[in-house]
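Observations on the three-dimensional arrangement
Here's the letter readout for the chains.
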Number of protein chains: 6
Amino acid sequence: MSLSEEKLIGKLAMLSVLDETYTSHVDVLGWQQCIGKVGSMESNKVVAAIETAAKKNEIINGSVYRETHALYHAIMEALHGVTRGQVQLGTVLRTVGLKFSIVRGTPYEKEAEGEWIAVALYGTIGAPVKGLEHEAIGLGINHI
Amino acid sequence: MSLSEEKLIGKLAMLSVLDETYTSHVDVLGWQQCIGKVGSMESNKVVAAIETAAKKNEIINGSVYRETHALYHAIMEALHGVTRGQVQLGTVLRTVGLKFSIVRGTPYEKEAEGEWIAVALYGTIGAPVKGLEHEAIGLGINHI
Amino acid sequence: MSLSEEKLIGKLAMLSVLDETYTSHVDVLGWQQCIGKVGSMESNKVVAAIETAAKKNEIINGSVYRETHALYHAIMEALHGVTRGQVQLGTVLRTVGLKFSIVRGTPYEKEAEGEWIAVALYGTIGAPVKGLEHEAIGLGINHI
Amino acid sequence: MSLSEEKLIGKLAMLSVLDETYTSHVDVLGWQQCIGKVGSMESNKVVAAIETAAKKNEIINGSVYRETHALYHAIMEALHGVTRGQVQLGTVLRTVGLKFSIVRGTPYEKEAEGEWIAVALYGTIGAPVKGLEHEAIGLGINHI
Amino acid sequence: MSLSEEKLIGKLAMLSVLDETYTSHVDVLGWQQCIGKVGSMESNKVVAAIETAAKKNEIINGSVYRETHALYHAIMEALHGVTRGQVQLGTVLRTVGLKFSIVRGTPYEKEAEGEWIAVALYGTIGAPVKGLEHEAIGLGINHI
Amino acid sequence: MSLSEEKLIGKLAMLSVLDETYTSHVDVLGWQQCIGKVGSMESNKVVAAIETAAKKNEIINGSVYRETHALYHAIMEALHGVTRGQVQLGTVLRTVGLKFSIVRGTPYEKEAEGEWIAVALYGTIGAPVKGLEHEAIGLGINHI
């Protein structure tokens, strides 16, 4: 009825982005995953990079809006963690360098809960000057 | 001049909260850390639990406002990742069960960058009914 | 591939809450719908009233988190329209009197788009004094 | 002392934008109204289109800041309903296609309440790809 | 056509709250003003204290919703400056001690611009422990 | 243990920006201060202007991220007061003309509280048309 301890999709997505050796844990479960990178001052480019990776790696079916919609909200929620207040980058003079992990799987014991998608982000945020930055993390989860 | 690869305070704080074996990595660096848990529908209780743990474990000096202020903003930023939009729990009918890790250390190569504090949160958020929840993550980092 | 003109779920949900004669349009489509009312200064009670109505009227299956999650986010999005900035009521000294309509149906031409849920809110928001209020509207839509 | 049942300015503005036959209800009251359309990824262009329509149709007197100010806040509040969290479009990679209705009238029974303005928005929001979108609604009301 | 240099309502409201000798500048203009204090962890009590002072001192006519509405939004805007992100106090474990100034006057040269209201706030915000706080300021302005 | 009445950094920063005669009060304390102006529809240019002034006037050491970070958050908090909801200017079709004051000093009696930075903003916000604007104020304070 609840989240299965071995199938914590958010934890696995986050661990994979922090340490790539964890990607095998996702493979063992037979779930889909892709890892990528994006650096930009333009928040729309961050969204686009994650969406494009998800479609190219067939994590979602880009021609079904339902799946695009689920992914979009997961991305936006993950960006809340990274931006912490206003989902803005260049417009408030900051930039990000992020690694992302997208995982699609079945984290609940009950079959009726179906598939969910997790977007994990890890990297740096800061002034558009090398070194003037600290780390940032975000996680978004949605049913798909 | 920039973040030292072996001293990524945010990554270490997050890994520690996801997998306690990582706490030894923080110990090796000679940094201060504490791990704790809090579950509540009241967002102020979540803030209080983290602040109390930080003071009891002497991660911060609770009688110096400067340190309390640095921690408070790190907590609030971490809560943005968990709540993704409105830093509210019970008032929007949801509850959290969180594990937290607080790390204080020197993540930058340059000595002038001094000490920083990271608050990492991992757990579940959802309806106040067992099982009706998904995972959530947050990270806040501040200079101290 | 897109929204079907006769099956605009958001428009139908909103029209039903503004004028009950429109509920028959939803019936004709064979979709599920319920209409209800809630007045409160406590935002959590507004969320609870809508969730309870959805479960009692079997618009969603309350024992499946997936459905609760879809509904919850639709409610929160609708509340953004009503509250316009901070999803808060009594904590900023205001109260609402709302009529709500919850509709579950298949608004897209393509079968793969599956079911969606819409929550429409209409009523008044204002000071906790009769007459010191104006109208407010909100609509949230999610895949389910 | 309160809102007059026959003069619910928000309801009339929203119904007019959902179904143009309702515009006659506004005419009967002797109120001012204009209907328009705007599609854009740039949130400033949405604001500009509504402001321009209001001025051209003499719903507001564009040379009086008081009226511009009242309208601007009504537009911003309506956009909260459409965007549900961050008043951003292209910067978070989404676009809108909206119909809008602006109504200026006297919704309260008491004469001292004077004139109010309502901005109702209805349309779609989604990815900048035809079909990958769902409906969105917003209403803003202000004294003028 | 623009703001009159001698009649900057926001500046006068803020100066009055920072230094009471400035209240005479408001008197000279023949404008209405009141000064008050409120300390609370409950954001609704802050709103209530300002509204009550405005009514008791007849800055606004509390039986006219139009005036209550104008004041309410000015208060909320001023609270944005004080809270800087989430208009929350006790729910995020912080408290305020504020002095407030409410000014009603005619800041524009052109007569058609009519009356406006300004709410200025100055005080401290911080942990609910004496001394663990820093200063905060907010200003809200609205047409009335 | 608390804020020293003669060393209220936020009050001094705000008074200096409202009336330049107050800058001498800051000088007397031996604190650092700079005053500047910026007008823009681009929020990033406002941030950049304040950061540049702080570095050029050696209020902060721009090569130490710790100091840049402290200033950045003080600026963002001050912008919350100016923008009151969304830290956006041109993207929601508005522009600002601001005077700013940056003060660095030691506002607490206890030496352990160290240095703090205050950013005070005062000016106008409104439509990108001369005269269609009202005043706005913001204050951000951070430990440095």
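Residues numbered from 1 in each chain as written. Chains lettered and ligands numbered in written order. Predicted model: local features only at pLDDT ≥ 70, side-chain atom pairs only at ≥ 80, totals over all residues. Heavy atoms only, no water.

In plain terms, the rule: UniProt positions are given in the numbering used here, feature names are shortened, and annotations may be inferred rather than shown by experiment.
Labelled according to an unreviewed UniProt entry, chain A appears under the name Hut operon positive regulatory protein, originating from Fictibacillus macauensis ZFHKF-1. Of chain A, the UniProt comment under Subunit (unreviewed entry) reads exactly: "Homohexamer." Recorded in UniProt for chain A, the comment headed Sequence similarities (unreviewed entry) runs: "Belongs to the HutP family."

1. Here's the deal with the arrangement of the chains
Keep this limit in mind: By definition in these notes, contact holds between two residues if any of their heavy atoms fall within 4.5 Å.
Where chain B comes nearest to chain D, the C-alpha atoms are still 7 Å apart, and the two do not contact one another. Regarding chain C and chain F, the two do not touch, and the least distance separating their C-alpha atoms is 7 Å.

2. Side note on the sheet that holds strand E1 (residues 32–40) of chain E
Strands belonging to one sheet form pairs held by backbone hydrogen bonds; the direction of such a pair is parallel or antiparallel. All names here are of chain E. As a reminder of what qualifies: Strands are treated as partners if at least two bridges between them are detected by DSSP. A helix here means a DSSP run of H or I that spans at least four residues, while a strand means a run of E at least two residues long, and both kinds are numbered starting from the N terminus. Orientation is described by lines fitted to C-alpha atoms, with helices fitted over the stretch in contact, and by angles between N-to-C directions that extend from 0 to 180 degrees.
With antiparallel pairing, four strands are arranged side by side in an open sheet as E1-E2-E3-E4. Strand pairing shows two members of the sheet lacking a second neighbour, E1 and strand E4 (133–143), which therefore form its edges. The average angle at which neighbouring strand axes cross in this sheet is 15°, direction not considered. With nine bridges connecting them, E1 and strand E2 (residues 95–105) associate as antiparallel partners.

3. A few points about the relation of the copies chain E and chain C
Using the following cut-off: Residues reaching a pLDDT of at least 70 in both copies supply the C-alpha atoms on which the copies are superposed by least squares.
Turning chain E through 120° and shifting it by 0.0 Å along the axis lays it on chain C, with an RMSD of 0.0 Å. Read as a symmetry element, the transformation amounts to a three-fold axis. Residues of chain E ranked by C-alpha distance from the rotation axis are headed by Gln 86 of chain E, positioned 4.3 Å from it. With a heterologous cut-off of 20% or less, the 12% of interface residues of chain E that recur at the interface of chain C puts this contact in the heterologous class.

4. Section: the interface of chain E and chain C
The following threshold applies: Each of two parts loses accessible area, computed with a 1.4 Å probe, when they are put together; buried area is these two losses added. By convention in these notes, a salt bridge is any Lys or Arg side-chain nitrogen within 4 Å of a carboxyl oxygen on Asp or Glu.
With 16 residues of chain E at the interface, the matching set in chain C holds twelve residues. Overall, the association of chain E and chain C removes approximately 1,100 Å² of surface from exposure, summing both partners, and the carbon and sulfur fraction of that is 58%. Summed over the three residues of chain E that lose the most area to chain C, namely Asn 44, Tyr 65 and Tyr 72 of chain E, the buried surface amounts to 43% of that side. Counting the contacts that link chain E with chain C gives zero salt bridges.

5. Some remarks on the interface of chain B and chain A
Applicable threshold: Each polar contact in these results corresponds to two N or O atoms within 3.5 Å; when the atoms are within protein, one needs to be able to donate a hydrogen and the other to accept it, and residues that are neighboring in sequence are counted only if both atoms are side-chain atoms.
Taken residue by residue, the interface counts 30 residues in chain B and 30 residues in chain A. When chain B packs against chain A, the two sides together hide about 2,600 Å² of surface, and 62% of this comes from carbon and sulfur. Of all residues in chain B, Arg 84, Glu 135 and Ile 137 of chain B bury the most surface against chain A, accounting for 22% of the area lost on that side. At the junction of chain B with chain A, the criterion picks out two salt bridges. The shortest N-O distance in the salt bridge between Glu 77 of chain A and Arg 84 of chain B comes to 2.5 Å. Put simply, chain B and chain A have 14 residue pairs in polar contact (both at pLDDT 80 or more) between them. Those elements giving two or more residues to the side of chain B that touches chain A turn out to be helix H1 (9–18), helix H4 (65–83), strand E3 (116–126) and strand E4 (133–143) of chain B.

6. Points about helix H3 (residues 43–56) of chain F
All names here are of chain F. Which entries qualify depends on this criterion: Expected helix span is given by 1.5 Å per residue-to-residue step, counting one fewer step than there are residues. Each residue is placed in one exposure class: buried if its accessible area under a 1.4 Å probe, protein chains only, is under 20% of its type's maximum, exposed if it is over 50%, and partly exposed if it falls in between. Note that the arc is computed from the directions linking the helix axis to the C-beta atoms.
Spanning 14 residues, H3 covers 20 Å between terminal C-alpha atoms, matching the ideal 20 Å at 1.5 Å per step. Residues Ser 43, Val 46, Val 47, Ile 50, Glu 51, Ala 53 and Ala 54 constitute the buried set of H3. Down the axis of H3, the buried side of the element spans an arc of 160°, and every buried residue falls inside it. Contact partners of the buried residues in H3: strand E1 (32–40), helix H4 (65–83), strand E2 (95–105) and strand E3 (116–126). Two residues or fewer after H3 comes Glu 58, characterised by a positive phi angle close to 55°.

7. Regarding the sheet that holds strand E2 (residues 95–105) of chain A
Residues and elements named next belong to chain A. Taken together, four strands build an open sheet; the order of strands is E1-E2-E3-E4 and the sheet is antiparallel. Unpaired on one side and paired on the other, strand E1 (32–40) and strand E4 (133–143) mark the two borders of the sheet. Ignoring strand direction, the axes of neighbouring strands in this sheet form an average angle of 15°. Of the pairings in the sheet, the one linking E2 to strand E3 (residues 116–126) comprises eleven bridges and is antiparallel in character. Paired with Phe 100 across the two strands is Leu 121, which belongs to E3. Contacts from helix H3 (residues 43–56) reach E1, E2 and E3 within the one sheet, and its direction differs from that of E2 by about 30°.

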